[in-house]
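Spelled out from the first residue to the last, the chains are:
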Amino acid sequence: MNYRLLFLACFLFPFLAYAQSGKIKPADLDTLEARQARLLELSYIMHTDSTDEHRFQACKQLIKGLVEALKVPNSYNFDFSGLEGVVVKTSPDNNFRIFSWELNVTADQYRHYGAIQLNNSELKLIPLLDRGDQYRENPENIIVGADNWLGYVVYNLVKGGTFDGKPYYFLFGYDRYGTWRRQKIMDVLTFDEQGKAQFGLPIFVTYSGEGLLLQDRARIILNYGAEASVALRYEEAIGTIVYENLILMPGGSGEGPVYMPDGSYHALELREDGRWHEEEKLYKHTYDDAPRPTPKQAEKVNIIGKPDGGGL
C-alpha cells in the first residue's frame, strides 16, 4: 500500500471557491456535525482495528471525508472538537489551523497525516506529506516544505517570534517512532510570500554537552526510550521553552542503548535578535542513573480514550 499516494490523491485537487471565514448557517452546521460523527466512526476503526488493511481503508475514507467536510461553507469556524483521534490546533492569531493524526501501519511503524487550513475567504488546504523516514540522519538541521514534512501529531502550537522580518510559529509534536523509541519535536513553521509552508528555521543557539555550539539547528528533536516520559513545552508565564536533558543509558527488553532523562532541564529564551538562546540548566541536579517512571497498571482504554471493548 502506498500511503503517500493515498494522501496526495485525496488532498491534491483543484479547490473551487467555498466561502470559509463567515458565520456557519444552521443547515451547514447540521451537515458538519453529521460528517464529524461519520469521521469519528472512521477514526475509531483507524486507531483500534486489529487488521492493517481495515485501519488503512478507514484512514483513506477519513481523509476523503475530512476534505468533503472542509468544503462546507465557513467550515473554518467549525472546531471539530468531537473528532477524537484527530488533533486540531489553531494558531494564536487565528490565521490557520492544523489537523494531524497517526496511522499504525504495522506493529512498529507509524505514518502521520496532516493538513493546514488557512483562514481565507476561500478554502485553501496545504497537505503535509510524511517523509520522516528519509531524515534519520541530522533531521534537526534540514529545512523542508509541506511535501517533505517530518511527520508527527501536533500537541501544541504557539507563536514563536519574528526572524529576519518573518513571523514564525512553534509546532510541538509527538512521534511514536518505533517499538523501543519515541520522539518529541519542536518544529518551526513559516509561510513564504506565496503562502507556502516551510518547516525548520535556524533560530536556536544551543550547545552540546561539551559546550560546543550546535550549528544551524532548525528544530529540536528529543529521541528517547519508549518507557520514559519526557517534557518539551513552552512555559507561557515566563516566556521560556523548557525541555529535559537526555543521557544515553542501557535499554531494557533487548532494545539496546536509549536516551533517558537525567533530571535536569534546558531553558531557551527569546532575545532581540529573534533567536532562542540556551540559558543555564534548570534543576541542575543529575542522577548517576536516569530516573525511570514506576510502571503503572494500564487502564483498559483504547488509543482515542474510549473504554476497551466499549462503544463510541
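You'll find the structure just up there.
Predicted, not measured: the structure shown is a model, and the values here were computed from it. (Residues numbered from 1 in each chain as written. Predicted model: local features only at pLDDT ≥ 70, side-chain atom pairs only at ≥ 80, totals over all residues. Heavy atoms only, no water.)

**Student:** What exactly am I supposed to notice about the pairing of strand β4 (residues 125-129) here?
**Tutor:** Consecutive side chains of a regular strand alternate in pointing toward one face of the sheet and then the other. Of all the five residues making up β4, five are buried; the element is thus mostly covered by neighbouring parts of the structure. Alternating residues of β4 divide into Leu125, Pro127 and Leu129 and Ile126 and Leu128, and every residue in both groups is buried. Pairing of strand β3 (residues 109-118) with β4 involves five bridges; the strand directions are antiparallel. Considered in β4, the bridge of Ala115 is made with Pro127. Linking β3 to β4, which pair antiparallel, is a turn of six residues. (Buried < 20%, exposed > 50% of the residue type's maximum accessible area, 1.4 Å probe, protein only. Helix = DSSP H or I, 4+ residues; strand = E, 2+ residues; numbered from the N terminus. Pairing = 2+ DSSP bridges.)

**Student:** Any chance you could explain unusual backbone geometry here in plain terms?
**Tutor:** Generally, phi is negative for residues other than glycine and the peptide bonds are trans, each holding for most cases. Here Asp164, not a glycine, exhibits a phi torsion of approximately 55°, which is positive. Its identity is not glycine, yet Tyr177 carries a phi of approximately 65°, on the positive side. Along the chain, Tyr177 turns up in the loop between β7 (166-175) and β8 (181-191). By relative accessible area, Tyr177 is classed as partly exposed at 23%.

**Student:** Teacher, can you tell me more about the layout of surface pockets here?
**Tutor:** Where empty space is left in the structure can be found by rolling a water-sized probe over the atoms. Of the voids in this model, the largest pocket is the one considered here, and its volume is about 790 Å³. Residue lining of the largest pocket: 28 residues in total, with Arg217, Ile221, Leu222, Leu246 and Tyr259 positioned closest to the centre. When contributions to the lining of the largest pocket are tallied by element, the ones reaching two or more residues are β8, β11 (220-225), β13 (240-249) and β14 (258-270). The leading source of residues in the lining of the largest pocket is β13, at five residues. Taken together, the residues of the lining of the largest pocket sort by class into twelve nonpolar, nine polar and seven charged. (1 Å grid on protein atoms, 1.4 Å probe; cavity = no way out; pocket = protein on both sides within 12 Å on 5 of 7 lines; lining within 4 Å. Points joined across faces, edges and corners; volume = space filled by probe spheres on them. Nonpolar A, V, L, I, M, F, W, Y, C, P; charged D, E, K, R; others polar.)

**Student:** Would you mind going over the environment of Leu270 with me for this structure?
**Tutor:** With respect to the helices and strands, the residue Leu270 is situated in strand β14. Judged by relative accessible area, Leu270 falls into the partly exposed class, the value being 41%. For the pair formed by Leu270 and Phe204, sequence separation is 66 residues and the distance between their alpha carbons is 9.4 Å. Discounting residues that sit within four places of it in the chain, Leu270 has contacts with Gly160, Tyr168, Arg275 and Trp276. (Contact = heavy atoms within 4.5 Å.)

**Student:** Whenever I open this one, the sheet that holds β3 confuses me. Can you help?
**Tutor:** Reading across the sheet, the four strands line up as β1-β2-β3-β4 and stay open at both edges, with antiparallel pairing between neighbours. Taken across any chain shown, the strands that pair with only one partner, and hence form the sheet edges, are β1 (87-90) and β4. On average, each strand axis in the sheet is inclined to that of its neighbour by 20°, with strand direction left out of account. By the bridge criterion, ten bridges tie strand β2 (residues 96-106) to β3 in an arrangement that is antiparallel. Bridging across to β3, Arg97 finds its partner in Gln117. Along the sheet, helix α3 (residues 52-70) makes contact with β2, β3 and β4, crossing β2 at roughly 165°. (Axes fitted to C-alpha atoms, helices over the stretch in contact; angles between N-to-C directions.)

**Student:** Looking at this model, I keep getting lost on the packing of aromatic side chains. Mind explaining?
**Tutor:** Taken as a whole, this structure holds eleven aromatic pairs when the rule is applied. Ring centres 4.8 Å apart and planes at 90° place the aromatic pair Phe96 and Tyr169 in the edge-to-face group. Separated by 73 residues along the polypeptide, Phe96 in strand β2 and Tyr169 in strand β7 bring together distant segments of the chain. Owing to a relative accessible area of 5%, Tyr169 belongs among the buried residues under this scheme. An aromatic cluster is present here, built from Tyr168, Phe170, Phe204, Tyr234 and Trp276 joined pairwise through their rings. One cation-aromatic arrangement involves Arg97 over Tyr76; the distance from NZ or CZ to the ring centre is 5.1 Å. (Phe/Tyr/Trp six-rings, centres within 6.5 Å; stacked < 30°, edge-to-face > 60°. Lys NZ or Arg CZ within 6 Å of the ring centre and 35° of its normal.)

**Student:** Help me understand α3 in this model?
**Tutor:** Residue pairs three or four apart in sequence face the same way in an α-helix, which turns once every 3.6 residues. Between its first and last C-alpha atoms α3 spans 27 Å; for 19 residues at 1.5 Å apiece the expected length is 27 Å, and the two agree. Looking at α3, one finds that the buried residues are Arg55, Phe56, Ala58, Cys59, Leu62, Ile63, Leu66, Val67, Ala69 and Leu70. (Expected span 1.5 Å × (residues − 1).)

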